[in-house]
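Each chain, letter by letter, is given below.
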Amino acid sequence: VMGGVKEAVVPNYIDLVKAQRSRAVHFPGLLLETDLSEVKDYHGLALASGDPLETNPQNKQHHKKRCTFLHGATAPDGGLIARAPRV
């Protein structure tokens, strides 16, 4: 509870039933080790490019939320899609 408002971030943003049925959930080896390395490297770049409280204003609205955008206007260098298109 933050400021008298109960948070419900996951139910608002993620369809858990759909996510649990996805191939990524059932096939954890779907991404290659090089794919995962590219994601981790890009995540580090995104963190180094700016404070997540500034690059994602929603972080200020949710208790302990530290979501980092890997796509979109605040993502550096064209986003994860530009850096790791296979992912």
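Bear in mind the structure is a predicted one, so any value in this text is a computation, not a measurement. (Residues numbered from 1 in each chain as written. Predicted model: local features only at pLDDT ≥ 70, side-chain atom pairs only at ≥ 80, totals over all residues. Heavy atoms only, no water.)

So, about the overall build of the chain. Check the secondary structure of the chain and you find six helices and zero strands. Mapped in sequence order, the helices and strands of the chain form the string α-α-α-α-α-α. When burial is assessed residue by residue, the chain has 20% of its 87 residues classed as buried. Within the chain, residue pairs in contact and separated by at least 24 positions form 51% of the contacts whose partners lie at least 6 positions apart. (Helix = DSSP H or I, 4+ residues; strand = E, 2+ residues; numbered from the N terminus. Buried < 20%, exposed > 50% of the residue type's maximum accessible area, 1.4 Å probe, protein only. Contact = heavy atoms within 4.5 Å.)

Relative to the helices and strands, Leu31 resides in the loop between helix 3 (23-26) and helix 4 (33-49). Given a relative accessible area of 34%, Leu31 falls into the partly exposed group. It is 9.0 Å that separates the C-alpha atoms of Leu31 and Arg86, two residues lying 55 residues apart in sequence. When sequence neighbours within four positions are dropped, the list of residues in contact with Leu31 reads Leu36 and Arg86.

Looking at the secondary structure, you find Val39 in helix 4. Classification of Val39 as partly exposed rests on a relative accessible area of 22%. Residues Val39 and Ile81, spaced 42 residues apart in sequence, show a C-alpha to C-alpha distance of 10.0 Å. Apart from the residues lying within four places of it in its own chain, the contact partners of Val39 are Leu80 and Val87.

What follows deals with the pattern of salt bridges. Applying the stated criterion to the full structure yields four salt bridges. Between Asp35 and Arg86 there is a salt bridge, with the nearest N and O atoms lying 2.8 Å from each other. Of the two residues, Asp35 is situated in helix 4 and Arg86 in the segment after helix 6 (79-83); the sequence distance between them amounts to 51 residues. Judged by its relative accessible area of 51%, Arg86 falls in the exposed class. Residue Arg66 pairs with Asp51 through a salt bridge whose shortest N-O separation is 3.6 Å. In this pair, Arg66 is assigned in the loop between helix 5 (52-55) and helix 6 and Asp51 in the loop between helix 4 and helix 5, connecting sequence segments 15 residues apart. (Salt bridge = Lys/Arg side-chain N within 4 Å of Asp/Glu carboxyl O.)

A separate point is the side chain of Asn56. Within the secondary structure layout, Asn56 lies in the loop between helix 5 and helix 6. With a relative accessible area of 2%, Asn56 lands in the buried category. Apart from the residues within four sequence positions on either side, Asn56 is in contact with Lys65, Cys67 and Phe69.

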